[in-house]
Amino acid sequence: MLGKPLLFFTSYAPLFALLAIRFEPLALCLTCAGLATAGVGALFALFHLDKRASPGAHQLREVKHAGAEAGAYMGSYLLPFLTVSTPTLRDVIAYLAFIAVAGAVYLHSSVVQINPLLYVLGYRVLGVVDTKGLRAFLVTRRRDLRPDETIIATRLRDDVLIDRTP
């Protein structure tokens, strides 16, 4: 249930860091820096909590790499370069609305496969379908994952798997 929302929040941690650098009002700078730090912390908390779960075997039938979605998602990272350094309240409300809309799209589309923070840390997110019909997003460090492989993964409450294959 919390897997996708946490992945969304963590995916925007680098964006908040860029906004913290860009904004001049100290309160806004500190807020964005705090959100960036919280995003990184949320990712490590997610991994830490997931280590307590029991892993299970998943034989993969399909593996989908994010292709065109990556370019479309990175468009949202233009926000810091389109902002004013000293935004008005209306500007801040517009930025928050943009992030809310981006969140809705993220949670209900395959864009969940794109997470810049995970990529920076050496992970990636793949769309997978196992032989039991589970459609999920797999967080993994592996680069050569293919259909017909069996992986060991923990499953978050929704459709997010964390690869624990040795």
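Report on the accompanying structure.

Definitions and cut-offs
- Residues numbered from 1 in each chain as written.
- Predicted model: local features only at pLDDT ≥ 70, side-chain atom pairs only at ≥ 80, totals over all residues.
- Heavy atoms only, no water.
- Phe/Tyr/Trp six-rings, centres within 6.5 Å; stacked < 30°, edge-to-face > 60°.
- Helix = DSSP H or I, 4+ residues; strand = E, 2+ residues; numbered from the N terminus.
- Buried < 20%, exposed > 50% of the residue type's maximum accessible area, 1.4 Å probe, protein only.
- Lys NZ or Arg CZ within 6 Å of the ring centre and 35° of its normal.
- Patch = residues over 30% accessible without salt bridge, like charges linked within 9 Å, V, L, I, M, F, W, Y side chains within 5 Å.
- Areas by Shrake-Rupley, 256 points an atom, 1.4 Å probe, with all protein chains shown as cover.
- Salt bridge = Lys/Arg side-chain N within 4 Å of Asp/Glu carboxyl O.
- Arc of directions from axis to C-beta.

### Topic: the packing of aromatic side chains
Part 1 of the argument: Using the criterion set out here, one finds three aromatic pairs in the structure.
Part 2 of the argument: Taken together, a centroid distance of 6.0 Å and an interplanar angle of 25° make the contact between F23 and Y95 stacked. Of this pair, F23 sits in the loop between α2 (13–22) and α3 (26–50) while Y95 is found in helix α6 (residues 89–107), placing the two residues 72 residues apart along the sequence.
Part 3 of the argument: Exposure remark for F23: the relative accessible area of 7% places this residue in the buried category.
Part 4 of the argument: One Lys or Arg, R141, reaches over the ring of Y123 and ends 4.0 Å from the middle of that ring.

### A short note on a nonpolar patch on the surface
Part 1 of the argument: Judged by side-chain polarity, L78, F81 and L82 come together as a nonpolar surface patch covering roughly 370 Å² of accessible area.
Part 2 of the argument: Note on placement: L82 falls in helix α5 (residues 79–82).
Part 3 of the argument: On the basis of relative accessible area, L82 is assigned to the exposed category, the value being 67%.

### Looking at α2
Part 1 of the argument: What α2 keeps buried is the set A13, L15, F16, L19 and A20. Down the axis of α2, the smallest arc covering the buried residues is 155°, so these residues share one side.

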